[in-house]
Structures are given as structure tokens and as C-alpha cells.
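# Tertiary structure, described
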Amino acid sequence: MAGNARTTFRRTQTDGLQQITQGDSLMHKVLVTGAAGFIGTHLVERLVDDGVAVRALDNLSPQIHGEHGGFPAWRDHPLVEVVQASVTNPAIWDEVLEGADAVVHLAAETGTGQSMYQVGHYNEVNSQATARMMEAIAGRSDAIRRIVLSSSRSIYGEGAFACGACGLDPAYPSARTADAMRRGEWDQPCPRCAAPMEARPTTEDAPARPASVYAATKLAQEDLVRIVASANDIPATILRFQNVYGEGQSLNNPYTGILSIFSTRIRRGLELPIFEDGEETRDFVHVSDVVVAIRAALAAPADQSATLNVGSGIASSVAAVARALNDAFGGSSPIRITGEFRLGDIRHNVADVRRLELVLGVRPAVDLRTGLSLFADWAGAQPLPEDRLAEANDELRARNLMG
Ligand SMILES: NC(=O)c1ccc[n+]([C@@H]2O[C@H](COP(=O)([O-])OP(=O)(O)OC[C@H]3O[C@@H](n4cnc5c(N)ncnc54)[C@H](O)[C@@H]3O)[C@@H](O)[C@H]2O)c1
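A brief structural summary. The structure displayed is predicted, hence computed values, not measured ones.

Further remarks concern the overall build of the protein. Looking only at helices and strands, the protein has 14 helices and 17 strands in total. Computed over its C-alpha atoms, the radius of gyration of the protein comes to 21 Å, within 12% of the 22 Å expected for a compact globule of 403 residues. In terms of its C-alpha atoms, the protein occupies a principal-axis envelope of roughly 65 × 45 × 40 Å. Relative to its 403 residues, the protein shows a buried fraction of 53%.

Structure below.
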């Protein structure tokens, strides 16, 4: 079967493969872009475990994979075909879509701070490449039966708030200004009565207010996928991931992943510098819950298109997470609240995940303590990365993006 399975990828017959059932039809050949990345690596592992054939596309970006990076161990699995290419090359799409009946689009540049000065590059990799991909998919609307896009909670900008004083609920404040943050005014005042507001879980119908170039390109991806898929009658699921963490996340990319940066510093016995007052919150979701959501989207009924938050639904302050990570490592790194800030960072983030359960039947299962312990066990066994936090921050300072 193994030999058959590999060649089956290019044929229409599917004997011997256990396939994802999409409604009452079958889904058996999935193109995964950005497959060698953090989420992609877990997803491909899960899909081949389920007997689904995968074409795994990735350019093995050196920022993520180092200069000599390779595809993960599943590259040798008989159900996997790897393609090393950039999504920015418009010539690849016809070839990589050949024989596929579903696409999970994960490939992207993901650094919020970096996106603020590599504007053209982020636009090219995230927005323009998605436009090209959708152009190619539109020409194959008979073959492609599902698109799953990895979007991001960042498209909401500051997200939903409510004012206890005057009752304004919900409020959707716009991005914080550098001047306000320089004054240490971290929380947004109520636009009606100026009292401090409280964050609320953000629902999918909250207005899009991207505050960074990265977020703007993720929103562009959403629009491109939604509009072109709908015009061609292709079901599309747009998943807005919150802060995804877990085993296998890049420990070397200094531009993303607060848990990676902190884990390196804990292992080196260095202090953990925390922006603002440390009370900014994030919604940390374990990668296994994200994979379950993508898997469920691939199996959704054929007539279902949806935009869904994928998160834990729980807000954790960055200072609390730093303490919990210290505990998970058994470390004792001092925590230092710096009062510094990055332009484009949001203050609070927690997802309303009710629609995820309603539409896909998925409920996040890994609590933060368990997830951090899994992450620490894995990260602690990896080669100790360089601590490049100062370098990344200097780059932002030099561009007036950090104060
Ligand atoms: N991890 C998170 O917290 C998070 C949160 C929200 C959204 N997302 C989205 O999920 C997706 C996957 O994120 P991840 O955490 O796995 O990121 P990652 O950086 O680990 O993986 C991205 C992969 O895309 C590849 N890639 C980059 N540029 C490419 C190009 N030009 N051509 C082909 N491949 C390219 C990289 O080599 C990498 O393997 C991204 O679209 C990201 O925007 C992630």
C-alpha cells in the first residue's frame, strides 16, 4: 500500500487510503503550504496518521529553519510528497495544485514587528502569493473542494472591550498611539466617558482593525480567499488563530513567539523582560487544539463556509505566563517589567470560541499548565539557542517602532 499511496496522489483512484470524509464526499489529497513550519509539521503528521495523502510545500525559510534546515521526519512517509518552493513564485501553483482536492494555506511571514519595516516583503509573501494561489484555485473549482486559511486574531486589532462606568458594550477601540504608550497609558479609555475599559472575548463579527502590516496582510488573505472561493463555489474555512504555542515551535526566530524567547532566557538563567506593565493579556492555544480545528475544517460539510476564532477562550497576562513558564522549567529567572512597548502590539486578547464549537464541534482541550509543561519538556531537550532578544529589539528601536 505504501508504494501505491505515493503514486495515488497523482491519480483519481484512492484505493487503500483512509480518507477524511467531507460531508458525504471524500477528501484525500491535501496541499499544505508552509508545511515544514510549526503548525504545518504537526498537521501533516496528523493527516498522514489518518491515511490522508499530503503535498507538503515550503521554501524552508532560513529565518525559521536556519541555513541548513530540512523537512521534518514525515518527508519520507509514503503518503507525503515534499515540494521545496516559494509561494511567491507564480509558476508553481498549477503544478502543486495538480491532483489536490483541498488546500490548507499556512505559508506566511509571521513577525509583527518585522512586518512594520519589511512592508513590501510581507505583502508579497502573505497577500500577493495568496492572490496568485486563489487565481490558480479559481481555475480548478471542480477539483478543489475545501480551502482552509490560517488567519490571525491580529486582524481585530485591539478587539472587544466594555465600559463598566457608562455601559458601552461592545466598544472596539482603535490602535494605541505611541504618545499614549510613552505616557504609560496602556489601557484604552472609553470613547464615550473616558473611564478605563475591560477586555471582552472578541467574536468573529467584530470589526477588522489591523494595527500592524502583518495583520493587514492576514486580513488581505482572508478577503482574497473568501471572495474568490465564494465566486467559484468552493467552501472555505478561515481560522483566526490566537497565540499558538507548543512542542516544535521555532526556538530560533527572534521576531515571534514570546514563549520561545522566554524559554531560551530561562534556560540561560537570564531575566525575563516584559513589555508595558505585564498585565497585557494573550489567549494561548496549544498547537494540538489548532490541528484538531484544521482537521475538523477539512471534514466540514461541503456546503459550509465559515470564519472562526481558534483559541483557548482564556486570557492570560504575559507576566503570569512568564511565571508559569519559569515553573514549568523549574527555573528562577527574575521577571522585570520594563515599561517599554512595541508599536503595533495590542493590549488585550481573548477569543470568543463558541462559534468554533457550534460550527465545527471543536472545544480546546489542553489547559495552559499542561501545555506549558509539554512545551518545556520538549524545549528543554533541544540545543540551547542563542538569546537574540536584544538584537531584535535594537532593530525595532532603530526604526522607531519601540519605545
Ligand atoms: N503560531 C501562531 O501563533 C499563529 C497565530 C496566528 C496565525 N498564525 C498563522 O498560522 C500560519 C502558520 O504559522 P506557524 O506558527 O506554523 O509559522 P512558521 O513560521 O513556523 O511556519 C511558516 C512556514 O511557512 C514557510 N514559508 C515562509 N515563507 C514562505 C514562502 N515564501 N514560500 C513557502 N513557504 C514559506 C516557512 O518556511 C515556515 O516553514 C501562518 O500563516 C501564521 O500567520 C500563526
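Next, the rest of the story.
The biggest cluster of nonpolar side chains holds 41 residues, and the ones touching the most others in it are Val 32, Val 104, Leu 239, Ile 294 and Leu 360. For this core, the secondary-structure elements that each account for two or more residues are β3 (29-33), α2 (38-49), β4 (53-58), β6 (102-105), β10 (236-241), α10 (287-298), β15 (306-310) and α12 (354-360). Per-element accounting of this core gives the leading share, eight residues, to α10. When sequence neighbours within four positions are dropped, the list of residues in contact with Leu 239 reads Val 148, Leu 149, Ser 150, Ser 151, Ser 152, Ala 293, Ile 294, Ala 297, Leu 308, Val 310 and Leu 360. If you look at the next biggest cluster of nonpolar residues, it comprises 26 residues, including Ala 107, Val 125, Ile 137 and Leu 149.

Below, the discussion takes up the sheet that holds β15. Judged by pairing direction, the sheet is parallel, and its seven strands sit side by side in the order β5-β4-β3-β6-β7-β10-β15 without closing on themselves. Each edge of the open sheet is held by one strand with a lone partner, namely β5 (80-84) and β15. Across this sheet, the average inter-strand angle for adjacent strands is 15°, counted without regard to direction. Taken together, the four bridges between β6 and strand β7 (residues 146-152) define a ladder with parallel strand orientation. Each residue of the ladder has a partner; that of Val 103, found in β7, is Ile 147. Along the sheet, α2 contacts β3, β4, β5, β6 and β10; its crossing angle with β3, the most-contacted strand, is approximately 170°. Docked against the sheet, helix α8 (residues 213-231) engages β6, β7 and β10, running at close to 160° with respect to β7.

Quick look at unusual backbone geometry now. Of note, the bond from Asp 169 into Pro 170 is cis; its omega dihedral lies within 30 degrees of zero at 0°. In the Ramachandran plot, Leu 60 falls in the positive-phi region, its phi being about 50° despite a non-glycine side chain. Looking at where Leu 60 falls in the secondary structure, it is placed in the loop between β4 and α3 (62-65). Taking relative accessible area as the criterion, Leu 60 reaches 9% and is therefore assigned buried.

Calculation rules
- Residues numbered from 1 in each chain as written.
- Predicted model: local features only at pLDDT ≥ 70, side-chain atom pairs only at ≥ 80, totals over all residues.
- Heavy atoms only, no water.
- Helix = DSSP H or I, 4+ residues; strand = E, 2+ residues; numbered from the N terminus.
- Rg over C-alpha atoms; globule rule 2.2 N^0.38 Å.
- Buried < 20%, exposed > 50% of the residue type's maximum accessible area, 1.4 Å probe, protein only.
- Core = buried A, V, L, I, M, F, W, Y, C linked by side-chain atoms within 4.5 Å.
- Contact = heavy atoms within 4.5 Å.
- Pairing = 2+ DSSP bridges.
- Axes fitted to C-alpha atoms, helices over the stretch in contact; angles between N-to-C directions.

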